[in-house]
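# Overview (structure and organization)
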Amino acid sequence: MRYSRKREIIKEAVMNNKIHPTAEEVYEIVHRTNPEISMGTVYRDLNQLAEAGEIIKLTMADGPDRYDGTLHPHQHASCIRCGKVMDFEYDMSETEKEVFSQTGINPVACFISVKGICCQCAENI
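In this text, all values refer to a predicted model and were calculated from it rather than measured experimentally.

### Quick notes on the layout of surface pockets
A volume near 390 Å³ is recorded for the largest pocket. Lining the largest pocket are 22 residues, with Leu58, His74, His76, Phe111 and Ile112 positioned closest to its centre. Contributing elements (two or more residues each) for the lining of the largest pocket: strand E1 (56-58), strand E3 (75-79) and strand E5 (113-116). Examining the composition of the lining of the largest pocket, we find that 4 residues originate from one element, E3, more than from any other. In terms of residue class, the lining of the largest pocket is built from 13 nonpolar, 7 polar and 2 charged. In this model, the second largest pocket occupies a volume close to 160 Å³. Looking at the second largest pocket, it is lined by 13 residues, and the ones nearest its centre are Met60, Asp62, Gly63, Cys79 and Gly83.

### A short note on the nonpolar core
Nonpolar side chains in soluble globular proteins tend to end up buried together. Formed by 13 residues in total, the largest nonpolar core has its most connected members in Ile10, Val26, Val30, Val42 and Leu46. Going through the elements one at a time, helix H1 (5-15), helix H2 (23-33) and helix H3 (39-51) are the ones with two or more residues in this core. With 4 residues, the top contributor of residues to this core is H1. Ignoring any residue separated from it by four or fewer positions in sequence, one finds isoleucine 10 in contact with Val26, Val30, Ile37, Thr41, Val42, Asp45, Leu46 and Leu49.

### Focus: the sheet that holds E5
The 3 strands are arranged E4-E3-E5 in an open sheet whose pairing can be described as mixed. The outermost strands of the open sheet, each flanked by one partner alone, are strand E4 (85-88) and E5. Here the average twist between neighbouring strands, direction ignored, is 25°. Pairing between E3 and E5: 4 bridges, direction parallel. Note on E5: the bridge partner recorded for histidine 76 is serine 113.

About the criteria used
Residues numbered from 1 in each chain as written. Predicted model: local features only at pLDDT ≥ 70, side-chain atom pairs only at ≥ 80, totals over all residues. Heavy atoms only, no water. 1 Å grid on protein atoms, 1.4 Å probe; cavity = no way out; pocket = protein on both sides within 12 Å on 5 of 7 lines; lining within 4 Å. Points joined across faces, edges and corners; volume = space filled by probe spheres on them. Helix = DSSP H or I, 4+ residues; strand = E, 2+ residues; numbered from the N terminus. Nonpolar A, V, L, I, M, F, W, Y, C, P; charged D, E, K, R; others polar. Core = buried A, V, L, I, M, F, W, Y, C linked by side-chain atoms within 4.5 Å. Buried < 20%, exposed > 50% of the residue type's maximum accessible area, 1.4 Å probe, protein only. Contact = heavy atoms within 4.5 Å. Pairing = 2+ DSSP bridges. Axes fitted to C-alpha atoms, helices over the stretch in contact; angles between N-to-C directions.

See the structure below:
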């Protein structure tokens with residue numbers, strides 16, 4: 001899909017950052033080299049990119065939404081102290097079978113979100 005140059009810059013900021021940036025972090029990244037891009041444009045374009053399946057929007061229960069440029073199936077773990085979000089691989093096939101056997105629902109999407117304390121924060125406890 002062809003996007004405006006601003007939307008491409010915003011998409012690149014997400015795709016090139018494995019930190020799962022918030023909209024504000026994306027704005028800070030793109031604004032350094034493209035000061036004409038507004039915060040409103042960042043919010044709008046992030047939502048449109050997520051709706052188009054070009055990036056993943058992670059709705060966080062305890063903080064702002066984050067955005068992920070890794071599109072292959074994977075799961076997320078987040079630190080409850082520093083807020084860092086990390087990817088991890090997990091085969092969902094057994095989980096999906098359990099969901100079906102217990103509920104009769106045939107999953108079309110299944111996500112795991114793990115919360116804990118990362119190694120860096122654990123060292124500072």
